[in-house]
Amino acid sequence: MSYGFYAYMSRMKLIDRWSLMRNTRAENIAEHSQQVAMLAHALALIGNRYFGESNDAGQIVLLALYHDVGEVVIGDLPTPVKYYNPAIKRAYGELEQAAKRKLLEKLPEPLREDYLPYLFAGNEAPLRIVKAADKLAAYIKCIEEATAGNCEFTRAQASIKKELDKFTDVPALKWFLQNCIESFAMTIDELE
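What you see as residue numbers is a count from 1 along each chain, following the sequence as written. Given that this is a predicted model, residues contribute local features only at a pLDDT of at least 70 and side-chain atom pairs are listed and counted only at 80 or more, while totals for whole chains, interfaces and linings are drawn from all residues. The basis for every side-chain value is the complete set of non-hydrogen atoms in the structure, without hydrogens or water.

**Re the environment of Asn-55**
So the rule is basically this: A run of DSSP states H or I qualifies as a helix once it reaches four residues; a run of E qualifies as a strand once it reaches two. Both are numbered from the N-terminal end. Residue exposure (1.4 Å probe, protein chains only): buried if accessible area is under 20% of the type maximum, exposed if over 50%, otherwise partly exposed.
When you line up the elements, Asn-55 lands in the loop between helix H2 (29–51) and helix H3 (57–65). The class of Asn-55 is buried, set by a relative accessible area of 18%. When the C-alpha atoms of Asn-55 and Lys-102 are compared, they prove to be 30 Å apart, with 47 residues separating the residues in sequence.

Have a look at this one:
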């Protein structure tokens, strides 16, 4: 018997994001998930150190790593399509849940319970940090594209910034935006 879960995870690098937009550099969901995991880790630690939270950074990193795994089965639906209306959003959510169930079945039975909390996370605080990191990664992509002279992402950047401003329950995000976001528009020499 061969279990295909890990082979599916390897295919994350084949699923491109931002498919309706001209990109100066393509981004796939493997890269995106890795960046979201790093950002979620940072937000968890910032929350702990600066705001007295008690986030489990390891749990948050794993939630972030697996937050888009359903897309290896169904692909990445562009945001304007995914959120076009409530019926499409709901149907896509159901499709994504079915894809995750399919992926879970690709694991040996004894391992399924170990992956279950990461593939089917609830709406608890750790997932809220992951969602904030997911939006933050999209915002950073817009900044990088704008810095490269690509005005294709201008409206997306403004829209995503409004969404980030709604995360008032994640004070670490505001701290990150105030203290770290400017550096994403800098050259390597400026970072030095």
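**Focus: the side chain of Glu-27**
The condition that has to hold: Whether two residues touch is decided by their heavy atoms; if any such pair falls within 4.5 Å, the residues are in contact.
Here Glu-27 is to be found in the loop between helix H1 (5–10) and H2. Accessibility expressed as a relative area gives 7% for Glu-27, which makes it buried. Ignoring sequence-local partners within four residues, the contact set of Glu-27 consists of Ile-15, Asp-16, Arg-17, Trp-18, His-32, Gln-35 and Lys-141.

**Things to note about the packing of aromatic side chains**
We apply this condition: When the centres of two rings from Phe, Tyr and Trp lie within 6.5 Å, Trp using its six-membered ring, the rings pair. Their planes under 30 degrees apart give stacked, over 60 give edge-to-face, and anything left gives tilted.
Tallied over the full model, the rule gives eight aromatic pairs. With 6.2 Å between their ring centres and 70 degrees between their planes, Tyr-6 and Tyr-115 make a pair best called edge-to-face. Placement of the pair is Tyr-6 in helix H1 and Tyr-115 in helix H7 (residues 109–119), with a sequence separation of 109 residues. Overall, Tyr-115 belongs to the buried group, its relative accessible area being 15%. Counting every residue linked through ring pairs, the aromatic cluster contains Phe-5, Tyr-6, Tyr-66 and Tyr-115.

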